[in-house]
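One-letter residues, chain by chain:
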Amino acid sequence: MTTYTVDNAAALESVLPAVREVAPEMVGLRHRIHAHPELAYEEHVTSELVATRLADWGYEVHRGLAGTGVVATLTCGTGTRRLGLRADMDALPIQEATGLPYASQVPGKMHACGHDGHTSILLAAARVIAQERSFDGTLHLIFQPAEEGLGGGRRMVEEGLFERFPCDAIFALHNMPGFPAGKFGFKEGSFMASSDSVTITVTGRGGHGSAPHLSADPVVAAAHIVVALQTIVSRNVDPREMAVVSVGAIHGGDAPNVIADSVQMRLTVRAYRPEIRAMLRERITELAQAQAVTLGVKAEVDYHWRYPALVNDEESTRFARQVARDWLGDDGLLPPLAPLTGSEDFSFMLERCPGSYLIVGNGEGEHHRTGGCMVHNPGYDFNDAILPIAASYWVQLVRRFLAAQA
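Rules behind the numbers
Residues numbered from 1 in each chain as written. Predicted model: local features only at pLDDT ≥ 70, side-chain atom pairs only at ≥ 80, totals over all residues. Heavy atoms only, no water. UniProt positions renumbered as here; feature names shortened; annotations may be inferred. 1 Å grid on protein atoms, 1.4 Å probe; cavity = no way out; pocket = protein on both sides within 12 Å on 5 of 7 lines; lining within 4 Å. Helix = DSSP H or I, 4+ residues; strand = E, 2+ residues; numbered from the N terminus. Contact = heavy atoms within 4.5 Å. Buried < 20%, exposed > 50% of the residue type's maximum accessible area, 1.4 Å probe, protein only. Core = buried A, V, L, I, M, F, W, Y, C linked by side-chain atoms within 4.5 Å. Pairing = 2+ DSSP bridges.

As recorded in an unreviewed UniProt entry, the protein goes by the name Hippurate hydrolase, listed as coming from Variovorax boronicumulans.

Caption draft 1: Summary view of the UniProt feature "binding site: Mn(2+)" (unreviewed entry) in the protein. UniProt's entry tags C113, H115, E148, H174 and H376 with the feature "binding site: Mn(2+)" (unreviewed entry), counted in the numbering of this structure. These annotated residues cover 264 residues of sequence, and their C-alpha atoms lie no more than 13.3 Å from one another, placing them together at a single site. Those annotated residues lining the largest pocket are, specifically, C113, E148, H174 and H376. Looking at the element boundaries, H174 is found in strand β5 (residues 169–177). Look past the residues within four positions of H174 in its chain and what remains in contact with it is C113, H115, H118, E344, Y357, L358, I359, V360 and V375. For H376, the position within the fold is in the loop between β15 (355–363) and α11 (387–401). You can call H376 partly exposed: its relative accessible area is 39%. Every residue in contact with H376, bar those within four places of it in the chain, is listed here: L92, I94, A112, C113 and E148.

Caption draft 2: Just the nonpolar core, in detail. Ranked by size, the top nonpolar core spans 72 residues in total, and within it L54, Y59, Y393 and W394 carry the most contacts. Per-element accounting of this core gives the leading share, ten residues, to α11. With sequence-adjacent residues up to four places away left out, L54 is seen in contact with Y59, V61, V70, A72, L123, A126, L141 and F143. Counting residues in each nonpolar core, the second largest holds 29 residues, with I200, A222, V237 and A243 among its members.

Caption draft 3: The arrangement of the pairing of β15 in detail. Of all nine residues in β15, nine are buried, a share of seventy percent or more. Relative to β15, β5 is paired through eight bridges, and the arrangement is parallel. Bridge pairing links P177 to G363 in β15. Two strands pair when backbone bridges link them, and strand β6 (residues 184–185) and β15 are joined in this way by two bridges, in the antiparallel orientation. Its bridge partner being in β15, G185 is matched across the sheet by I359.

Structure follows, in C-alpha cells:
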C-alpha cells in the first residue's frame, strides 16, 4: 500500500461509507492495473478485468467499441434521464522509475498519466452504485481506450457510442498534480486546447560541405522556417487569445561535411478557438513554403488535425460544481481555473453531448510520494488517497443527476 495523504480533511471525512468499505480492494485493483500497463488499443487485459467486474456487479456489459472499449449500463426505476461517466484506460510508452512495489512489470510501458486511477475510481463508484441502486434512470459507464494520442474517444463516437448509448449529459475527470490532493476544479467553456501535429519536409539538393554553392541547403532553410514560425503567434494572433506553435524535432544530415538532401521538422500546434486553429494551419503552410522558395528549396507540409479544443457545457459544469460544493463545501473546491494548454480526446464526446470535464488534485510537491510529480514523467504515480474521494463524488453526481422526479 502507498502512504500518500490528503490535506483536504473535509473530503476524507465525507467519503461515503460504502466507498470507504470497498476502497482497499479498489486500490489493490489499481496497483494490479498499474503493474501491467497496456498501450493504446492494446488494453485487452485491462478491458477484460473491467468488463468482468462490471458484469459480476449486475451491469449489462458491451465490449468491442473502438476495439478494446467497454460500456456498462445499469437502469433503475422508470426515469427517462440518461447519464454517461467516462474513464480512460491506456498507458504510455515510458520506462517507469518510481521503484514502487507495484511498478510496471512491462519494460518501456507505464501508467504515467493516472488512467489506472481513473479506471479504478469509476469501478469503485460503479460497485457502490450497483449495490445501492438509489437512482432513477439509466447510467452508462464508458471505459475508453487510446486517449494518449490515438483518438480512442473519436473512434468510440464514430462507431456509434451515442446512438447505442444515448446520454443527456456526460462527465469525466482527470487527476492533476500540482493541486491540493482531493480538491475539485471546474471551468465553464474552453478548458483545454486543440492539438494538431505538423510534419514539414524541406527538400533541397545535397552536396559536399566544402562547396555549399553547388547545393540547395535544406538545413539553412529549415533554420529560417523555425525562426519565421515564431512570428505567427506574436504577429498573427490577437494578444488576448492563446496559440502555441512549437517545433519539437528537427532531423537532417548525418555528417559535418555533408549537406543533406532533406530535413524533417515536427511541430505541435495548439489553440482554444476554432478560427485561430484554422488560421494557424494556413499561416504555417504559407510561411514554410514561402521561406523554402526564397532559399531555393521545397517545403511539403503534412498537417494532421488531431484533437479539437475541449469545451465544457456551462449548465453541466455549474451542476457538477454544485454537486461538489453541496457535498464538501467551498473548502473542497479549487479556486477558479484558467484554461489548460494540454489536450484531451474527451473533446470529441463533448462535441456530440453536453457535459463537463473536471479535475481533482493529485497532490503538491515534486515527488511521487506527495502526488505532485507531473504526469508523463517516469517518476509519476497516481495518489491512492484521492481514489475514494473521487469515487464518492461520482456516486453523489449520479444520485443528483438521476434523482427520482416528483
